[in-house]
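Residue strings, one per chain:
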Amino acid sequence: MTIRALLITCLTLCIQSLHARQQTRLNNNWEFLRQDLGGIWEAVRPVGKGNPESVPLWQPVTLPHCVNAFDAVDPDVNYYQGPAWYRTQLELKNPYANGRTLLHFEGAGQKTEVYVYTTKVVTHVGGYDEFTADITDAVNAFTQTEVYQKQFKGKVPIAIRTDNSRDLEMIPSDLSDFNLYGGIYRYLNLVYTPALSMEKLFALAETDPAGKTGKLTIRSRFYNPQGISNTSLVVKLFDPAGKLVQDLTKEIMIGNGDISIAALTIKKPQLWSTEAPKLYTVEVTLKRPEGNYTQREKIGFRHFEFVDHGPFKLNGQRLLLRGTHRHEDHAGVAAAMTDEQMRAEMIMMKEMGVNFIRLGHYQQSRTILNLCDSLGIVVWEEIPWCRGGLGGEVYKEQARRMLRNMIEQHYNHASVIIWGLGNENDWPGDFPEFDKEKIRIFMKELNDLSHQLDPTRKTAIRRCDFCKDIVDVYSPSIWAGWYRGIYTEYKSITEEEFKKVNHFLHVEWGGDSHAGRHSESPDKALQNIKPAGAADERAGDASLFGGAARASKDGDWSESYICNLIDWHLKEQETMSWLTGTAQWPFKDFSTPVRPDNPVPYMNQKGVVERDLTKKEAYHVFQSYWTSKPMAHIYGHSWPVRWGGAEEEKMVKVYSNCDEAELFLNGKSYGVKKRSSQDFPAAGLRWNLRFNKGLNTINVIARKGKEFVRDAISFQYQTDTWGKPAKLDLQKIKEENGIATVQIRLLDEKGIPCLDATNWVRFGLAGDGKLIDNQGTSSGSRYVQTYNGRATINLQTNKGMNVVSVQSAGMKTVTIELDN
């Protein structure tokens with residue numbers, strides 16, 4: 001199935017889900033305040049225009065909205081952790097007699113309180129699971145008051161307080177390598193239901209390895225505040241083409257807890273797989289005099305197996321899990337990603353060849369799980385018990401609750417095969433006591449609870465060796481060539497770790513790269529790094545200071561080095577027949593409060609795309625190993641100037657999945673090379689060439705069967721050598737649609753560009769425009785390390801006068817005037 005076809009399937013899925021829930025997204029007409037109030041009355045009291053006693057700081061926003069959309073990557077401040085308020089007024093018209101009016105939150109961080117006028121309706125703790133506030137009774141009470149008619153003119157004031165303050169008795173830990181965001185950063189829905197509806201619908205789809213027979217077991221948990229005793233219901237099953245396969249009608253008695261409502265057998269079901277993610281639709285309708293209620297769920301029939309001390313199998317066939325990771329984080333919005341942004345990100349993953357993802361380190365948006373189902377991406381999803389140790393009973397109860405919520409909310413997703421119980425639970429720091437035995441006892445409790453709630457899926461953790469015997473699947477920490485050792489140790493170290501557990505799955509590997517930074521000698525730092533014989537990450541390894549020599553501290557953070565590291569890992573994985581799979585960490589750069597000194601401050605830069613989805617070179621390395629659609633990519637699209645001696649040979653690499661490729665330099669062919677995955681680097685598609693001083697153009701034509709693909713780049717070649725950076729050169733290099741791009745270059749005393757310079761630079765702006773900064777990207781930060789002696793930033797000119805400045809320590813500040 002093509003990516004386009006998968007996208008159409010996904011869109012259909014989202015639309016069907018929306019209709020099934022009879023919901024309206026509450027995106028517009030919100031006001032926001034980033035501070036606390038003296039009390040709920042300050043949020044809902046009626047105020048007239050110009051009232052000097054009203055709080056002056058409310059601002060209009062749309063949902064989803066993150067409190068930390070920009071300050072999470074502000075180089076000069078800590079990100080805000082504290083209370084925030086949202087308010088709106090709703091005109092409510094429930095069409096059902098005695099129906100229920102609900103606010104359904106897809107996620108809000110990290111503690112949430114919901115008010116109808118001055119009445120608190122619900123409090124929820126946990127930033128990543130869904131929850132519902134039934135506002136029916138509070139609304140009915142408020143609409144009987146005089147203030148409703150006279151002061152609010154028939155509308156109901158809703159106020160919501162979110163709070164991401166630091167709290168040791170909450171998960172995840174503030175020691176985590178990601179921001180604990182605040183705000184209503186996932187969609188909020190207004191839902192009308194009849195008096196009787198379904199709180200949960202659980203559909204268990206099973207099949208044998210050969211897919212000869214499918215079994216579907218359906219149970220429901222009813223939402224029944226009025227105590228209705230019975231109902232008629234209709235169950236329908238539709239195949240992936242929308243054809244009705246089976247249906248039944250029955251009367252059931254409604255009691256407490258979950259009720260079994262159907263058990264169906266399907267002969268030769270169409271199987272869900274990563275290549276053909278076939279999805280059936282389960283539709284259950286409750287038929288009642290006061291109104292019908294319909295819920296639809298997508299399911300998939302598939303069989304998976306982790307072979308003891310062997311590979312992973314899906315539907316009876318070995319599947320090498322080719323994975324990545326994801327944080328819910330994006331430039332300019334932080335956690336408040338729209339459906340469109342999430343869809344674009346997941347399709348980019350699929351086009352890179354991903355068939356597996358670990359959602360780190362918390363339950364993620366229902367949109368992501370829907371996309372994994374429809375695109376064919378196998379999922380490890382986990383609760384945010386991440387770092388810090390183990391807290392008290394409040395802490396543990398939140399972990400239990402979030403595990404239960406995660407499993408129940410995402411139970412029906414065919415893509416999910418693993419429930420993750422924790423990450424780096426061997427990392428102390430939040431509490432005076434760090435007791436391994438207590439952590440083991442609680443891990444065992446969570447493992448048992450997961451199997452009780454869902455016996456069909458596996459449990460897993462990453463990096464907690466003293467608990468690895470508890471869970472079904474274990475991943476140690478292996479960072480060969482980054483935090484420890486050299487990347488050529490990867491296979492031997494992995495094989496040793498593989499022997500220690502029944503079911504091994506390696507998640508988190510790779511390294512940081514500063515987008516736009518390239519190197520003519522990327523592996524030079526490895527000369528000072530000794531083989532470690534192990535590659536686990538230890539305390540302090542992520543620091544840029546102190547400790548033993550390691551690429552994470554002593555390397556150049558170039559895209560060139562990371563491409564080599566990834567290239568080596570991928571070529572080795574092709575020879576590891578026993579391997580279940582791996583997941584590179586992560587797909588996209590993301591913000592973190594614990595890395596202020598990185599080249600883009602407060603960013604974890606291990607992604608193969610930047611925080612705004614701009615592709616780095618490493619994206620194409622993965623494509624060259626993991627995809628079948630013909631592709632070819634010459635390394636260096638973001639490398640405008642290469643350097644070296646006039647007669648020096650330079651390597652040109654082409655990442656491609658094609659059988660062979662022919663390279664042309666300045667119009668002259670330099671021969672055809674055959675691809676061989678074990679011929680490192682670039683699977684043999686590399687040429688050593690002499691460039692002309694000045695402009696050079698490289699073209700490649702690659703062939704796969706009868707298909708041809710092409711790629712081309714142009715760049716300058718600098719033969720002049722340079723000294724120490726001594727001055728700054730600032731220029732406008734582009735302007736389009738009111739957005740100007742300026743570039744700073746570092747020059748030596750003779751004016752020669754310093755192409756290996758990594759100095760910090762700080763952009764400033766005075767005038768009518770606005771810097772487009774705090775994006776968490778190499779070209780979207782006002783304070784950033786240069787990449788090959790340069791850095792760029794964009795600004796919105798607003799058609800006015802603007803003066804851009806750039807500062808760098810030890811050099812004279814420069815400015816440029818932009819006048820529209």
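Just so you know, these numbers come straight off a predicted model, no measurement behind them.

J.: How would you summarise the overall build of the chain if you had to cite specific residues and measurements?
T.: Assigned secondary structure in the chain consists of twelve helices and 46 strands. Its C-alpha atoms put the chain at 90 × 70 × 55 Å along the principal axes. Taking all 820 residues of the chain together, the buried fraction comes to 61%. Relative to all contacts within the chain whose residues are 6 or more apart in sequence, the contacts with residues 24 or more apart total 71%. Taken as a whole, the chain presents about 31700 Å² of accessible surface, with 48% of it coming from carbon and sulfur. A distance of 4 Å separates the average location of the 99 positive side-chain charges in the chain from that of its 99 negative side-chain charges.

J.: Lay out the sheet that holds strand β15 (residues 258–267) with the relevant residues and their values.
T.: Strand order in this open sheet of three strands is β11-β12-β15, and the pairing throughout is antiparallel. Because the sheet does not close on itself, it has two edges, and the strands there are β11 (197–207) and β15. The mean angle between the axes of side-by-side strands here comes to 15°, regardless of whether they run parallel or antiparallel. For β11 and strand β12 (residues 213–223), the ladder comprises ten bridges, and the chain directions are antiparallel. Paired with Phe202 across the strands is Arg219, a residue of β12.

J.: Pulling in residues and values, what's your account of the nonpolar core?
T.: Judged by nonpolar contacts, the single largest core of 108 residues is most densely connected at Met346, Trp385, Ile566, Phe587 and Val608. It is helix α11 (residues 559–573) that contributes the most residues to this core, seven residues altogether. Ignoring sequence-local partners within four residues, the contact set of Ile566 consists of Trp509, Val608, Ala618, Val621 and Phe622. One finds Val44, Ala84, Tyr115 and Val116 within the second-largest nonpolar core, a separate group that totals 43 residues.

J.: If you had to explain the confidence of the model for the chain to someone new, which residues and values would you point to?
T.: For the chain, the mean per-residue pLDDT works out to 95, and 96% of the residues sit at or above 70. This model gives residues 12–21 a pLDDT under 50, and the stretch forms 16 contacts once residues within four places in sequence are excluded.

J.: Describe the environment of Asp612, listing the residues and the values that go with them.
T.: As for its position among the elements, Asp612 is in the loop between β30 (603–604) and α12 (618–626). Residues Asp612 and Gly780 lie 168 residues apart in sequence; the distance between their C-alpha atoms is 9.4 Å. Setting aside residues no more than four positions away along its own chain, Asp612 makes contact with His330, Ala331 and Thr777. Only 2.9 Å separates the side chain of Asp612 from the side chain of Thr614, close enough to count as a polar contact.

J.: I'd love a proper account of the packing of α11 against α12, names of residues and values included.
T.: Look at α11 against α12: their axes get within 9 Å of each other, and the N-to-C directions meet at 15°. Considering their axes alone, α11 and α12 lie roughly parallel with respect to each other. Here α11 and α12 pass one another in a crossing that is right-handed. On α12, the residues that touch Ile562, Cys563, Ile566, Asp567, Leu570 and Lys571 of α11 are Ala618, Val621, Phe622, Tyr625 and Trp626. Per-class residue counts for the contact of α11 with α12 are nine nonpolar, no polar and two charged.

J.: I'd love a proper account of unusual backbone geometry, names of residues and values included.
T.: Looking along the chain, the bond that leaves Leu63 and enters Pro64 is cis, with omega of 0°. Position of Pro64 relative to the elements: it lies in the loop between β3 (59–61) and β4 (83–90). That bond from Ile171 to Pro172 is cis: its omega, 0°, falls within 30 degrees of zero. Among the secondary structure elements, Pro172 is positioned in the loop between β9 (156–163) and β10 (188–193). In the Ramachandran plot, Asn29 falls in the positive-phi region, its phi being about 65° despite a non-glycine side chain. On the secondary structure map, Asn29 appears in the loop between β1 (23–25) and β2 (30–33). Phi is positive for Leu613, which is not a glycine, with a value near 75°.

J.: Run through helix α7 (residues 393–409), naming residues and quoting values.
T.: Over its 17 residues, α7 runs 24 Å from end to end, which matches the ideal 24 Å to within 8%, given 1.5 Å per residue. Buried within α7 are the following residues: Tyr395, Gln398, Ala399, Arg400, Met402, Leu403, Asn405, Met406, Ile407 and Glu408. Where α7 is buried, its residues contact β7 (119–125), β11, β12, β23 (378–382), β24 (416–423) and α8 (436–453).

J.: Account for the sheet that holds strand β14 (residues 244–253), naming residues and giving values.
T.: Pairing is antiparallel in the open sheet, where four strands are placed in the order β14-β13-β16-β17. Strands at the two margins of the open sheet, each flanked by one partner only, are β14 and β17 (293–299). Within this sheet the neighbouring strands show an average axis-to-axis angle of 15°, counted without direction. Pairing of strand β16 (residues 280–287) with β17 involves seven bridges; the strand directions are antiparallel.

J.: Describe in detail the state of the cysteines, supporting the description with residues and values.
T.: Enumeration according to the criterion identifies zero disulfides in this entry. Lacking any disulfide linkage, Cys66 is separated from the closest cysteine sulfur, that of Cys386, by 18 Å. No disulfide involves Cys467; its sulfur sits 3.9 Å from the nearest other cysteine sulfur, which is in Cys464. Using a relative accessible area of 0% as the deciding quantity, one classes Cys467 as buried.

J.: A description of the pattern of salt bridges should follow, citing residues and the corresponding values.
T.: Within this structure, the stated rule accounts for 57 salt bridges. Linking Asp163 and Arg161 is a salt bridge whose minimum nitrogen-to-oxygen distance equals 3.7 Å. Neither residue differs from the other here; Asp163 and Arg161 are each classed as buried. The closest approach of N and O atoms between Lys674 and Glu660, which form a salt bridge, is 2.6 Å. Residue Lys674 is located in strand β35 (residues 668–674), and its partner Glu660 is located in strand β34 (residues 660–665); the two are separated by 14 residues in the primary sequence. The class for Lys674 is exposed, based on a relative accessible area of 58%. Through salt bridges with shared partners, a single ionic network connects Arg358, Glu382, Arg387, Glu424, Arg462 and Glu508.

J.: Tell me about the pairing of β2, and please be specific about residues and values.
T.: Bridge analysis of β2 against β3 gives three bridges, and the strand direction is antiparallel. Looking at β3, one finds that Phe32 is bridged to Gln59. Taken together, the three bridges between β2 and β4 define a ladder with antiparallel strand orientation. Residue pairing for β4: Leu33 is matched across the bridge by Trp85.

J.: So what's going on with the packing of α7 against α8? Which residues, and what values?
T.: Running from amino to carboxyl end, α7 crosses α8 at an angle of 25°, the nearest separation of the two axes being 10 Å. Compared by their axis directions, α7 and α8 come out roughly parallel. Note on packing geometry: the crossing formed by α7 with α8 is right-handed. Residue-level contacts link Lys396, Ala399, Arg400, Leu403, Arg404 and Ile407 of α7 to Phe442, Glu445, Leu446, Leu449, Ser450 and Leu453 of α8. The residue makeup of the contact of α7 with α8, split by class, is seven nonpolar, one polar and four charged.

Criteria and cut-off values
- Residues numbered from 1 in each chain as written.
- Predicted model: local features only at pLDDT ≥ 70, side-chain atom pairs only at ≥ 80, totals over all residues.
- Heavy atoms only, no water.
- Helix = DSSP H or I, 4+ residues; strand = E, 2+ residues; numbered from the N terminus.
- Buried < 20%, exposed > 50% of the residue type's maximum accessible area, 1.4 Å probe, protein only.
- Contact = heavy atoms within 4.5 Å.
- Areas by Shrake-Rupley, 256 points an atom, 1.4 Å probe, with all protein chains shown as cover.
- Lys, Arg positive; Asp, Glu negative; His and termini not counted.
- Charge placed at Lys NZ, Arg CZ, Asp CG, Glu CD.
- Pairing = 2+ DSSP bridges.
- Axes fitted to C-alpha atoms, helices over the stretch in contact; angles between N-to-C directions.
- Core = buried A, V, L, I, M, F, W, Y, C linked by side-chain atoms within 4.5 Å.
- pLDDT = per-residue confidence, 0-100.
- Polar contact = N/O pair within 3.5 Å; in protein donor to acceptor, adjacent residues only side chain to side chain.
- Parallel < 35°, antiparallel > 145°, perpendicular 65-115°, else oblique.
- Left-handed = near helix turned anticlockwise from the far one by under 90°.
- Nonpolar A, V, L, I, M, F, W, Y, C, P; charged D, E, K, R; others polar.
- Expected span 1.5 Å × (residues − 1).
- Disulfide = S-S within 2.5 Å.
- Salt bridge = Lys/Arg side-chain N within 4 Å of Asp/Glu carboxyl O.

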